[in-house]
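# Descriptive structure summary
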Amino acid sequence: MLTRRIWSHRSEIAFWTLWLSAVASFVALAAWAGHRYTLPLDRRVTFGVQELYRYGWADRLFQTVNDLGSEGTITLVLFAAFAIALLRGLRYEALMIAGTGAIRYVQLGVRATVHRPDEQYNALRASFQGLFPPRMYPDTNGFPSGHVFGATIVYGLIFAYAPRATAFKPLAWLIRAFCVFEITLIGPARMYTGAHWFSDVTGAALLAGIYLALAWKIDGAITHIRTVAAERDLAAAAGLSAQSRGQRRFARTARPASAGVAADRTTREPEPATRS
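Computed from a predicted structure; not experimentally measured.

With that settled, consider helix H5 (residues 91-113). With 23 residues, H5 extends 34 Å from end C-alpha to end C-alpha; this agrees with the ideal 33 Å at 1.5 Å per step. Remark: the principal bend of H5, roughly 30 degrees, maps to Gly101. Turning to H5, its buried residues are Tyr92, Glu93, Ala94, Met96, Ile97, Thr100, Ile103, Gln107 and Val110.

It is worth spelling out the pattern of salt bridges at this point. A full pass over the atoms with the stated rule returns 6 salt bridges. As a salt-bridge pair, Glu12 and Lys217 come within 2.5 Å of each other at their nearest N and O atoms. Of this pair, Glu12 sits in helix H1 (residues 2-33) while Lys217 sits in helix H9 (residues 198-268), and the two are 205 residues apart along the sequence. You can call Glu12 partly exposed: its relative accessible area is 32%. If you follow the salt bridges from partner to partner, you end up with Glu51, Arg54 and Arg135 in one network.

Before going further, it helps to examine the packing of helix H4 (residues 71-87) against helix H7 (residues 146-165). At a minimum axis separation of 11 Å, H4 and H7 run at an interaxial angle of 25 degrees. Considered as vectors, H4 and H7 are oriented roughly parallel to each other. Pair H4 / H7 crosses with left-handed handedness. On H7, the residues that touch Thr73, Ile74, Val77, Leu78, Ala81 and Ile84 of H4 are Gly150, Ala151, Val154, Tyr155, Ile158 and Ala165. For the contact of H4 with H7, a count of residues per class yields 10 nonpolar, 2 polar and no charged.

What follows deals with the packing of aromatic side chains. Taken as a whole and judged by the stated rule, the model has 12 aromatic pairs. Ring centres of Phe47 and Tyr137 lie 5.1 Å apart, and the angle between their planes is 65 degrees; this geometry places the pair in the edge-to-face category. Taken together, the positions of Phe47 in helix H2 (residues 42-50) and Tyr137 in the loop between helix H6 (119-126) and H7 put the pair 90 residues apart, joining distant regions of the chain. By relative accessible area, Tyr137 is classed as buried at 12%.

The rules we used
Residues numbered from 1 in each chain as written. Predicted model: local features only at pLDDT ≥ 70, side-chain atom pairs only at ≥ 80, totals over all residues. Heavy atoms only, no water. Helix = DSSP H or I, 4+ residues; strand = E, 2+ residues; numbered from the N terminus. Expected span 1.5 Å × (residues − 1). Bend = angle between axes of the 7 residues up to and from the residue. Buried < 20%, exposed > 50% of the residue type's maximum accessible area, 1.4 Å probe, protein only. Salt bridge = Lys/Arg side-chain N within 4 Å of Asp/Glu carboxyl O. Axes fitted to C-alpha atoms, helices over the stretch in contact; angles between N-to-C directions. Parallel < 35°, antiparallel > 145°, perpendicular 65-115°, else oblique. Left-handed = near helix turned anticlockwise from the far one by under 90°. Contact = heavy atoms within 4.5 Å. Nonpolar A, V, L, I, M, F, W, Y, C, P; charged D, E, K, R; others polar. Phe/Tyr/Trp six-rings, centres within 6.5 Å; stacked < 30°, edge-to-face > 60°.

In structure tokens form, the structure reads like this:
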């Protein structure tokens, strides 16, 4: 018991340390992006992804991924997941899915605050450069990416809750595979179209991860509460069942005994004397 408590305490410390580190990293990245048009690795990674335009499959693949991560699609998926969670009686899960709509305003607030220096960008646009692959330069107001944030947070929650929403395991794993596909490729898809730098994608993934980590932490507490309540209900049902069986057993044993006593009394009671 003591070892379990120590492990639990250390796990709590580790979780909150990592979570706060993620928050600090996001704030630092946002501040850095506000002072530089490109950050280290931005050009290498972004232009490297854009080099894939040489392959015929790249346009179709990344266009599909972008469509699945668009605001309209994410909104429809969000409402559908919320409705399914409510119909399945998953009230906490429905609440966390609905919470993504509120956290979306955090992403929009950061984007409205962070503005990269635009001198280089304006100079490129004035000479019609940076408009075509493989060198498409994103604009200065893309931190953090809304597509990456929305896809990661919504499909991430669906990945976590799919086994609870359906008892058919192949369907649950198919849904999870689709979520992994979209989350993995939405970042490269945004860089491929020239919409965002690598740092925009990284910031969005960090912000989504901060929310998902909190959801995972709260989910663990809710799951524990549900487990304890289920065990309590099961124990109470077992107790009532045992009590009922005991009462039935007592009734079966008491009935013959009372009948035997009555018979014994009948045999022992003297017959009334008859007068001659």
